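Coordinates in review
Here is what each chain is made of, one letter per residue.
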There are 2 protein chains.
Amino acid sequence: MTIHLHELVTEAGRPLSPFVWRIKYALAHKGLDFDTRPVGFTDIPKLCGGQHKTVPIIEDGATTVCDSWAIADYLDATYKQNPIFSSPAERAMVKFFEGWFFDAAFRNLFAVNVLDIHNHLRPTDKAYFRQTREKQVGTTLEAFTANREARLPDLRKNLKPMRVALANQPFLGGDKPNYADYIALGAFLWTSALCTLPVLEKDDMLNGWLQRGFDLYGGIGRGAPYPLAA
Amino acid sequence: MTIHLHELVTEAGRPLSPFVWRIKYALAHKGLDFDTRPVGFTDIPKLCGGQHKTVPIIEDGATTVCDSWAIADYLDATYKQNPIFSSPAERAMVKFFEGWFFDAAFRNLFAVNVLDIHNHLRPTDKAYFRQTREKQVGTTLEAFTANREARLPDLRKNLKPMRVALANQPFLGGDKPNYADYIALGAFLWTSALCTLPVLEKDDMLNGWLQRGFDLYGGIGRGAPYPLAA
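So, here is what we can say about the structure in this document. (Residues numbered from 1 in each chain as written. Chains lettered and ligands numbered in written order. Predicted model: local features only at pLDDT ≥ 70, side-chain atom pairs only at ≥ 80, totals over all residues. Heavy atoms only, no water.)

Moving on, we get to the relation of the copies chain A and chain B. For these two chains of identical sequence, chain A goes onto chain B by a turn of 180° and a shift of 0.0 Å along the axis, with RMSD 0.0 Å. The two molecules are tied by a two-fold rotation axis, judged by turn and shift. The C-alpha atom lying nearest the rotation axis in chain A is that of Glu90(A); the distance is 2.2 Å. A shared interface surface links the copies, since 100% of the contact residues of chain A are contact residues in chain B too. (Least-squares fit on C-alpha atoms with pLDDT ≥ 70 in both. Contact = heavy atoms within 4.5 Å.)

Here it is in structure tokens:
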């Protein structure tokens, strides 16, 4: 039976949410059949009886699950093949990775991306996005991103532990990618869907890992329009 | 058969090396019988035919293994019970943790501890330690540590991803400790064997995790003389 994945898209139809990307990778990792249902921010309250406020949301037969961690756990509990988490200890370490990545990279990527996100949304989503995010950052999106280049040195420096890990292995998960790879790849795919400012340097070894990650599962992450490195 | 673990000790006989601590925890984690053989820095070349330059070194019957990662892998390959690493993916994520911890915490702990390490060594080790470490830091140990308090704000701030992870679970490994816990506990036990400057604040939630870690395996980490928090 095909699982339906509701995913945020840009006006051009490009997948947008870093959290949905995790689940696209997780579904492909497990070899499960799925299709995607494109939605905009303002469509989310119309889905599944309005019970969820964010995507990803999956519908698997009569079951609806929201939240990327809840979905990953549901998929492992329901479908035994190709576990997303080999053990509770691996899951705990990926949680550590997520917490680290949020502060080290995700916050900076959000600050770099936020006006570009707005500019790439469907017209019906723009007002909602501007209003909620300007409240969050305390100023206009234009003012907040005016000096966004200044965030890049910190962002690049902060990624060092990923470079150290990837110096001796192709993926954060080792020889094979794991959910830590999917978390980080999702954030870069979000960026690459819309960010008009390349965030990495050309000679950053992370570019090789990104290409390997985008090539996974038949090229699941290929074709994003904006280059990540320049 | 009892495994012999060669471990660095202070003049007072307190275990010293953060890398040996990992293996003490790993041996206890697996439930293996072991004893410890105290050595000083200048004894290491006299062990096992002089083939190794650092501890930990284990002797398991006719087999000698040096280096904490090599020993952990040897133990898992040789003794199937209670795996240190549940899967290659968990091992890869712990490697990521180690790389992060080295930059975020270990470097700062070394810089805070280095003169205290010297002062706690056996007299025969002091000259060797001063000479090699002063070459490494490019000045006298006294000059290098003169303003060591200034490193504490960064050290404490850098530990945030551990606090995030431990907000919802007792150990970095989840419900049970894993090798990431042992890596970090080892660094704090090294500090607590000799550091005359408390490195953490009293209300740091990491103190609870440290006490849980020191209590493991019959209190393997209990009794270190210097308080970590003040």
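With that settled, consider the interface of chain A and chain B. Size of an interface, as often reported, equals the accessible area lost when the parts are brought together. Between chain A and chain B, the contact holds 25 residues from the first and 25 residues from the second. Contact between chain A and chain B buries roughly 1800 Å² in total, counting both sides, with carbon and sulfur atoms accounting for 72%. Our count for the chain A to chain B interface comes out at two salt bridges. A salt bridge links Asp103(B) to Lys160(A); its shortest N-O distance comes to 2.7 Å. There are four residue pairs in polar contact (both at pLDDT 80 or more) connecting chain A and chain B. (Buried area = accessible area lost by both parts, 1.4 Å probe. Salt bridge = Lys/Arg side-chain N within 4 Å of Asp/Glu carboxyl O. Polar contact = N/O pair within 3.5 Å; in protein donor to acceptor, adjacent residues only side chain to side chain.)

To continue, consider the sheet that holds strand 1 (residues 3–8) of chain B. Residues and elements named next belong to chain B. With mixed pairing, the four strands of this open sheet are ordered in space as 2-1-3-4. The sheet terminates laterally at strand 2 (34–39) and strand 4 (63–66), the two strands that pair on one side only. On average, adjacent strands in this sheet sit at an angle of 20° to one another, irrespective of strand direction. With four bridges connecting them, strand 3 (residues 57–60) and strand 4 associate as antiparallel partners. Directly across from Asp 60, in strand 4, lies its bridge partner Thr 63. Lying on the sheet, helix 1 (residues 18–30) is in contact with strand 1, strand 2 and strand 3; it crosses strand 1 at an angle near 155°. Against the sheet, helix 2 (residues 68–78) touches strand 1, strand 3 and strand 4, its axis set at about 135° to strand 4. (Pairing = 2+ DSSP bridges. Helix = DSSP H or I, 4+ residues; strand = E, 2+ residues; numbered from the N terminus. Axes fitted to C-alpha atoms, helices over the stretch in contact; angles between N-to-C directions.)

All names here are of chain A. Structurally, the position occupied by Arg 151 is in the loop between helix 5 (141–145) and helix 6 (152–158). Taking the C-alpha atoms as reference points, Arg 151 and Gln 211, separated by 60 residues in sequence, lie 23 Å from one another. Contact partners of Arg 151, with chain neighbours within four places excluded, come to Asn 108, Ala 111, Val 112 and Phe 144.

Take helix 2 (residues 68–78) of chain A next. Taken together, the buried positions of helix 2 of chain A are occupied by Ser68(A), Trp69(A), Ile71(A), Ala72(A), Tyr74(A), Leu75(A) and Asp76(A). Buried residues belonging to helix 2 of chain A abut strand 1 (3–8), helix 1 (18–30), strand 3 (57–60), strand 4 (63–66), helix 3 (88–120) and helix 8 (179–192) of chain A. (Buried < 20%, exposed > 50% of the residue type's maximum accessible area, 1.4 Å probe, protein only.)

As for its placement among the helices and strands, Gly173(B) is situated in the loop between helix 7 (160–166) and helix 8 (179–192). C-alpha separation for the pair Gly173(B) and Met205(B), spaced 32 residues apart in sequence, amounts to 17 Å. Not counting chain neighbours up to four residues away, the residues in contact with Gly173(B) comprise Pro88(A), Ala89(A), Ala92(A), Asn178(B) and Asp181(B).

According to the stated counting rule, one finds 30 salt bridges over all chains in the structure shown. For the salt bridge of Glu7(A) with Lys24(A), the shortest nitrogen-to-oxygen distance reads 3.1 Å. Here Glu7(A), found in strand 1, pairs with Lys24(A), found in helix 1; they are 17 residues apart in sequence, far enough to count as distant. The salt bridge involving Asp35(B) is made with Arg37(B); its shortest N-O contact spans 3.6 Å. Classification of Asp35(B) by relative accessible area gives partly exposed; the value is 26%. For Arg37(B), a relative accessible area of 34% translates into the label partly exposed. Each of Asp43(A), Lys46(A) and Arg122(A) takes part in a single network of salt bridges with overlapping partners.

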